[in-house]
Amino acid sequence: MTPTALPTPTLHTDRLRLRPFVDADADDLFALQSSADVLRYWDSAPWEESARAERFITACRRMAEQGTGARLAVDRVSDGAFIGWCHLSEWSPDHRSASLGYCFTEAAWGQGYATEAARVVLRWAFATLDLNRVQAETDTRNVSSARVLEKLGFVREGTLREDCVVNGDVSSSWVHGLLRREWQPSS
């Protein structure tokens with residue numbers, strides 16, 4: 001079966017604009033992904049070379065072309081600043097499922113931006129992709145990210161014990177799931 005392209009949408013909230021990545025995002029993206037603090041619970045090391053940002057942006061385009069998901073840059077409306085990204089990946093039309101992920105600058109933490117961005121991505125995904133299930137994983141030490149998922153209606157379904165090595169430490173992940181029948185787009 002030939003994959004179907006999945007055009008990356010531009011989505012809006014009162015405070016945020018989510019849009020396809022462009023080449024001009026490379027410097028901001030590198031600053032985000034090279035921060036040890038931002039990636040302290042990530043399953044890969046902070047970027048050390050700026051060329052990684054260009055490869056990431058190319059991978060975003062490839063994801064859309066292959067129809068496997070959408071990765072969106074997140075800008076704050078008030079000043080146009082890039083504050084992170086949110087994605088829906090591993091879209092499986094056969095299983096009507098996908099995975100959700102996000103990453104935000106430290107300056108954006110604690111302001112509800114991750115919840116707001118993820119909610120608008122989920123609203124688009126449930127309306128557009130006929131999803132039945134969205135899954136997300138968080139490092140068990142990343143309580144803030146787990147709270148974001150709970151605010152969105154995700155249910156913690158289990159623990160993947162010692163499934164990652166983060167900064168040289170073996171860590172575990174919580175698996176969260178959100179079913180279409182549980183989704184409440186306005187909450």
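Please read these numbers as outputs of a predicted model, since none were measured by experiment. (Residues numbered from 1 in each chain as written. Predicted model: local features only at pLDDT ≥ 70, side-chain atom pairs only at ≥ 80, totals over all residues. Heavy atoms only, no water.)

**Looking at the overall build of the protein**
Broken down by element type, the protein carries four helices and eight strands. Helices (α) and strands (β) of the protein occur, in sequence order from the N terminus, as β-β-α-α-β-β-β-α-β-α-β-β. The C-alpha radius of gyration computed for the protein amounts to 16 Å, which stays within 12% of the reference 16 Å derived for 187 residues, consistent with globular compactness. Oriented by its inertia axes, the alpha-carbon framework of the protein measures out at about 40 × 40 × 35 Å. Taking all 187 residues of the protein together, the buried fraction comes to 48%. Sequence separation of 24 or more characterises 62% of the internal contacts of the protein that already satisfy a separation of 6 or more. Here the protein displays about 9,700 Å² of accessible surface, and carbon together with sulfur accounts for 48% of that area. Distance between charge centres in the protein, computed from 21 positive and 26 negative side chains, equals 5 Å. (Helix = DSSP H or I, 4+ residues; strand = E, 2+ residues; numbered from the N terminus. Rg over C-alpha atoms; globule rule 2.2 N^0.38 Å. Buried < 20%, exposed > 50% of the residue type's maximum accessible area, 1.4 Å probe, protein only. Contact = heavy atoms within 4.5 Å. Areas by Shrake-Rupley, 256 points an atom, 1.4 Å probe, with all protein chains shown as cover. Lys, Arg positive; Asp, Glu negative; His and termini not counted. Charge placed at Lys NZ, Arg CZ, Asp CG, Glu CD.)

**So, the environment of Thr13**
If you trace the backbone, Thr13 turns up in the loop between β1 (11-12) and β2 (16-20). Residues Thr13 and Val120, 107 residues apart in the sequence, show an inter-C-alpha distance of 7.3 Å. When neighbours within four sequence positions are excluded, Thr13 is seen to be in contact with Val77, Glu116 and Val120. There is a polar contact of 2.8 Å between the side chain of Thr13 and the backbone nitrogen of Leu16. Here the side chain of Thr13 touches Glu116 through a polar contact of 2.4 Å, side chain to side chain. (Polar contact = N/O pair within 3.5 Å; in protein donor to acceptor, adjacent residues only side chain to side chain.)

**A short note on helix α1 (residues 26-33)**
Three or more residues of α1 are buried, namely Ala26, Leu29, Leu32 and Gln33. Looking straight down α1, one finds its buried side chains confined to an arc of 125 degrees; they lie on one side. On its buried face, α1 sits against α2 (51-66), β4 (82-92) and β5 (97-104). (Arc of directions from axis to C-beta.)

**Remarks on α2**
With 16 residues, α2 should reach 22 Å at 1.5 Å per residue; the first-to-last C-alpha distance of 22 Å fits that figure. When we look at burial in α2, the residues that qualify are Ala53, Phe56, Ile57, Cys60, Met63 and Ala64. The buried residues of α2 all sit within an arc of 115 degrees when viewed along its axis, so they share a single face. Structural note: α2 exposes Glu54 and Glu65 on the side pointing more than 90 degrees away from its buried face. Against α1, β3 (70-76) and β4 lie the buried residues of α2. Immediately beyond the C-terminal end of α2, within one or two residues, lies Gly67, with a positive phi of roughly 75 degrees. (Expected span 1.5 Å × (residues − 1).)

**Remarks on the nonpolar core**
Judged by nonpolar contacts, the single largest core of 36 residues is most densely connected at Leu18 and Leu100. Listing elements by their share of this core, those giving two or more residues are β2, β3, β4, β5, α3 (113-128), β6 (133-139) and α4 (143-151). For this core, the element with the highest residue contribution is α3, accounting for 10 residues. Not counting residues up to four positions away in its chain, the partners in contact with Leu100 are Cys86, His87, Ala118, Val121, Leu122, Val134, Gln135, Ala136, Leu149, Leu152 and Phe154. Residues Ala26, Val38, Trp47 and Phe56 belong to the second largest nonpolar core, which totals 15 residues. (Core = buried A, V, L, I, M, F, W, Y, C linked by side-chain atoms within 4.5 Å.)

**Re the pattern of salt bridges**
For the structure shown, the criterion picks out 12 salt bridges. The shortest N-O distance in the salt bridge between Arg156 and Glu150 comes to 3.4 Å. When salt bridges with common partners are traced through the structure, they connect Arg17, Arg19, Asp25 and Asp75 into a single cluster. (Salt bridge = Lys/Arg side-chain N within 4 Å of Asp/Glu carboxyl O.)

Keep in mind these numbers describe shape, not what the thing actually does.
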